[in-house]
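A look at the structure
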Amino acid sequence: MRRDGHGEATLDRLLSAQEIVVCCGSGGVGKTSVAASIALGAARRPGVKVLVLTVDPAKRLATALGLQALGNTEARISAEVLAESGVVLRGELWAAMLDTKQSWDALVLRHAPDETTAYRILNNRLYHNLTARFVQSHDYIAMERLYELHASGRYDLIVIDTPPTRNAVDFLEAPQRMAEFFGGRLLRWLTLPYRVGGGRGARMVNVASRPFYQIADRLLGSTFLQEIAEFFLNFQSMYDGFVQRANAVEALLHDRRTTFAVVSTLESAPLREAELFCVELRKRQYLLGALVLNRVLPETFLSEHSQAAAVALGNDEGAIAESLAAANDLDTATVRRVLGSVAQSFERFGAVAQHERALRDQLRDPPSVVATVPNRAADIADASGLAWIADHLFART
Amino acid sequence: MGPTPSWLDQRLLVFTGKGGTGKSTIAAATALFAANHGKRVLLVDVDAKQSVASLFEHAAVDFSATRVHAGIDALAMDTEQSLREYLKLNLRIPVVGRIGPLAKMFDFVATAAPGVKEILTLGKIAWEVREAIAGRAAHDIVIVDAVASGHVLAHLNAARTIRDLVDVGPLRTQTDWMIDILEDPALTSINIVTTPEEMPVAETIELIQRVRSASRAPLGSVVVNRVLPELFTRDDEVVFETLRNPSSQRLVVDEFGSAIIDVFEGARLAVDLRRSRAEHLDHLRASIDMPTIFVPYQFGSLHGLRMTTVIAQAISDEVL
């Protein structure tokens, strides 16, 4: 989205043209709350149906939305729950959590050639491990669910909160990696001895000369290796379905109707990762819509007047402690100590605010929408907390 | 309360925790703390994000241990390199030239086979600990900046997983001595880094429960990072509230100008932040029975070695 003659770029304008918002960023920056708040803010528009798909919401946030019993199925946040927190939406707000295991099982049942194969896969102990620990399996399954929900046509806008990843780029590559995994020559090569040897259960006598099998056999024992190969043989039967689907997911993420919102705090490490992520998104030609700076200290910490006032207060210039003590029937030494702490605290947080400002000024090539959410002492306890974040996210700067 | 037994008496300190809690900083600072007390440290960066190197103002490190600071060698985990080393040391398989395709293949199998990938990480770490105990290594203690709490159990359990899965072969035999090291509370501790916030505290409590029920890994301490200092005593806070009444505020505005209101609001925010965090700390304390180490929040722009040094001092103050 570009700035044009019709005013500043805002999240509101950005979202009016989108169907999917992918929230990403490193762990601990408040991604889930921001995703939920974007959804809530978008649902203020009349008649709009918005879904937020989260991976691992904080208990309080989930409770706030009445989501404790929610699984893979979407549920509407009731108008009563929202009204209790003083939130009125003209559209509908829906939420769903991602149950990885359930989603994987559904995927296998959909793509397996027949039920017997499906259950052979589902009951394999390696399958359980694969779904739990497949590199980027969380990422892939989240994107897969996103695809499915989008294709259902039930929502005008879907906001997805991405799972915590070791590397921000991982989930972008998940669909492609998934396609490669199942279409890979490696997989065919690995299962080859079982296929030429007469199918399942064949021994790998004829391949003993291959260094890989030689070493793997010595490391793992042949029974285990055989089990692995059998599993892959079954899994491979789902190849076409999986690859087709992975490619479709990939295409959806690249679609102009999908935008990315990178979330970060103004701290060195998360911000470095956020910037790197912005670069990667652009490099891969995804639509980078917004940067959300979360938990930013208020500007007042940076004002020269306030800083000067804090210093004067700390020095008790004008012996204000004495008059305050007299006016409130307090001990002067106590008042002086308290004023000293007030001043010291301001200077301490002022230093943090300055660091935040410096980091912000150093941002290289930010997207046209940069939204700032102030640091909020309280946790998000109900929908009004989300509405508060939404107010700041959607504010015109 | 310091960790029992003392970190400095142990051979392997593993640091895990939710992403964003400062796990790498705490691991690096603990390494510096140990080095300051005469220990020769091997610092292992499992995530290979290179944060450990930058915390010592050092260029990126690779799989071979590199001196990053006086008394501290660091290495970044690399499963391919680990496999190569393993094959050479244990199977006497000299892998010359490119291991690439082989490792790729191994990687592929390891993706589905539980514990295989993790054992390459854990095996390298356990091996370094064994060498240290035997006095054959250039280090006395191994400190690990491990994977985040969501994935750490798979690593901790890798040796047992392999032993249960693999019926024969050298891999199985080797799990025995690894388990001896990894499950001995005199040698090893799994330490969890957290912050006084809702999600990190919840994840810490959950991780402790999971480690206890699903592994035999010895838990060490919980390190609570970024603890805000108390601004006021309870009595002083009452005084602070009193001073925020309109007539008193008029007095201060007359003296210092209207900007002083922001200064009081700033203190209000500090008190609120501290209070909401104290709630999470209380919840943590009430839910766990492990030694807890508090590391204060660092105001201002500390980074790199300066940050490591300050945190190391804070750890030293708490632990000793």
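Residues numbered from 1 in each chain as written. Chains lettered and ligands numbered in written order. Predicted model: local features only at pLDDT ≥ 70, side-chain atom pairs only at ≥ 80, totals over all residues. Heavy atoms only, no water.

**Description of the pattern of salt bridges**
Residue and element names in this part refer to chain B. Summed over the entire model, instances satisfying the criterion amount to 32 salt bridges over all chains. Taking the shortest distance from any N to any O, the salt bridge between Asp140 and Arg40 comes out at 2.8 Å. Of this pair, Asp140 sits in the loop between α5 (116-133) and β5 (141-145) while Arg40 sits in the loop between α1 (23-36) and β2 (41-45), and the two are 100 residues apart along the sequence. Under the relative-accessibility criterion, Arg40 is labelled partly exposed at 39%. The salt bridge involving Arg212 is made with Asp289; its shortest N-O contact spans 3.2 Å. Of this pair, Arg212 sits in helix α9 (residues 198-214) while Asp289 sits in the loop between α12 (260-287) and β8 (292-296); the two residues are 77 residues apart in sequence, bridging distant segments of the chain. Three or more residues joined by partner-sharing salt bridges are found here, namely Glu241, Arg244, Glu265, Arg268 and Asp272. (Salt bridge = Lys/Arg side-chain N within 4 Å of Asp/Glu carboxyl O. Helix = DSSP H or I, 4+ residues; strand = E, 2+ residues; numbered from the N terminus. Buried < 20%, exposed > 50% of the residue type's maximum accessible area, 1.4 Å probe, protein only.)

**Section: the state of the cysteines**
All names here are of chain A. Under the counting rule described, the total for this entry stands at zero disulfides over all chains. Of the cysteine sulfurs around Cys23, a residue in no disulfide, the closest is that of Cys24, at 7.3 Å. Assessed through its relative accessible area of 0%, Cys23 is described here as buried. Accessibility expressed as a relative area gives 1% for Cys24, which makes it buried. (Disulfide = S-S within 2.5 Å.)

**Observations regarding the sheet that holds strand β7 (residues 288-296) of chain A**
Residue and element names in this part refer to chain A. Strands sit in the order β3-β4-β2-β5-β1-β6-β7-β8 across an open sheet of eight strands; the sheet is mixed. Only two strands of the sheet have a single neighbouring strand rather than two, namely β3 (75-76) and β8 (369-374). Relative to β7, strand β6 (residues 258-265) runs parallel, the two being bridged by six bridges. Residue pairing for β7: Phe260 is matched across the bridge by Leu288. Against the sheet, helix α14 (residues 268-283) engages β1 (20-24), β6 and β7, with an angle of about 165° to β6. (Pairing = 2+ DSSP bridges. Contact = heavy atoms within 4.5 Å. Axes fitted to C-alpha atoms, helices over the stretch in contact; angles between N-to-C directions.)

**Some remarks on the environment of Ala112(A)**
All names here are of chain A. Of note, Ala112 is situated in the loop between α5 (100-111) and α6 (115-122). When the C-alpha atoms of Ala112 and Tyr239 are compared, they prove to be 8.8 Å apart, with 127 residues separating the residues in sequence. In this structure Ala112 touches Ala118 and Met238, once residues within four positions along its chain are discounted.

**Considerations on the packing of aromatic side chains**
All told, the structure shown has nine aromatic pairs over all chains when counted by the stated rule. Considering the side-chain rings of Trp94(A) and Tyr155(A), the 6.1 Å spacing of their centres and the 70° angle between planes classify their relative orientation as edge-to-face. Taken together, the positions of Trp94(A) in strand β4 (residues 92-97) and Tyr155(A) in the loop between α8 (137-151) and β5 (157-161) put the pair 61 residues apart, joining distant regions of the chain. Considered together, Trp94(A) and Tyr155(A) belong to a single accessibility category, that of buried residues. Seen in terms of ring centroids, Phe240(B) and Phe264(B) are 6.2 Å apart; in terms of plane orientation they differ by 0°. Their pairing is stacked. With a gap of 24 residues between them, Phe240(B) in helix α10 (residues 234-243) and Phe264(B) in helix α12 connect regions that are remote in the sequence. An identical accessibility class is assigned to Phe240(B) and Phe264(B); each is buried. A connected cluster of aromatic rings, assembled from ring pairs, spans Phe301(A), Phe346(A), Phe349(A), Tyr297(B) and Phe299(B). One Lys or Arg, Lys49(A), reaches over the ring of Tyr155(A) and ends 5.2 Å from the middle of that ring. (Phe/Tyr/Trp six-rings, centres within 6.5 Å; stacked < 30°, edge-to-face > 60°. Lys NZ or Arg CZ within 6 Å of the ring centre and 35° of its normal.)

**Topic: the packing of helix α6 (residues 149-156) of chain B against α9(B)**
All names here are of chain B. It is the contact of α6 with α9, at a shortest axis distance of 10 Å, that shows an interaxial angle of 15°. Judged by the inter-axis angle, α6 sits roughly parallel to α9. Seen along the crossing, α6 lies across α9 with a hand that is right-handed. Packed against α6, whose contacting residues are Ser149, Gly150, Val152, Leu153 and Leu156, the element α9 presents Glu203, Leu207, Arg210, Val211 and Ala214 at the interface. (Parallel < 35°, antiparallel > 145°, perpendicular 65-115°, else oblique. Left-handed = near helix turned anticlockwise from the far one by under 90°.)

**Quick notes on helix α13 (residues 304-319) of chain B**
Its 16 residues place the ends of α13(B) 22 Å apart at the C-alpha level, agreeing with the 22 Å of an ideal helix rising 1.5 Å per residue. Of the positions making up α13(B), those classed as buried are Gly304(B), Met307(B), Thr308(B), Val310(B), Ile311(B), Ala312(B), Ala314(B), Ile315(B), Ser316(B) and Val319(B). (Expected span 1.5 Å × (residues − 1).)

**Remarks on the sheet that holds β8(B)**
Residue and element names in this part refer to chain B. Across the sheet, which stays open at both edges, the eight strands sit in the order β3-β4-β2-β5-β1-β6-β7-β8 with mixed pairing between neighbours. The open sheet is flanked by β3 (66-69) and β8, the only strands paired with a single partner. With direction set aside, neighbouring strand axes in the sheet form an average angle of 25°. Two elements, strand β1 (residues 12-17) and β5, share four bridges in a ladder whose sense is parallel.

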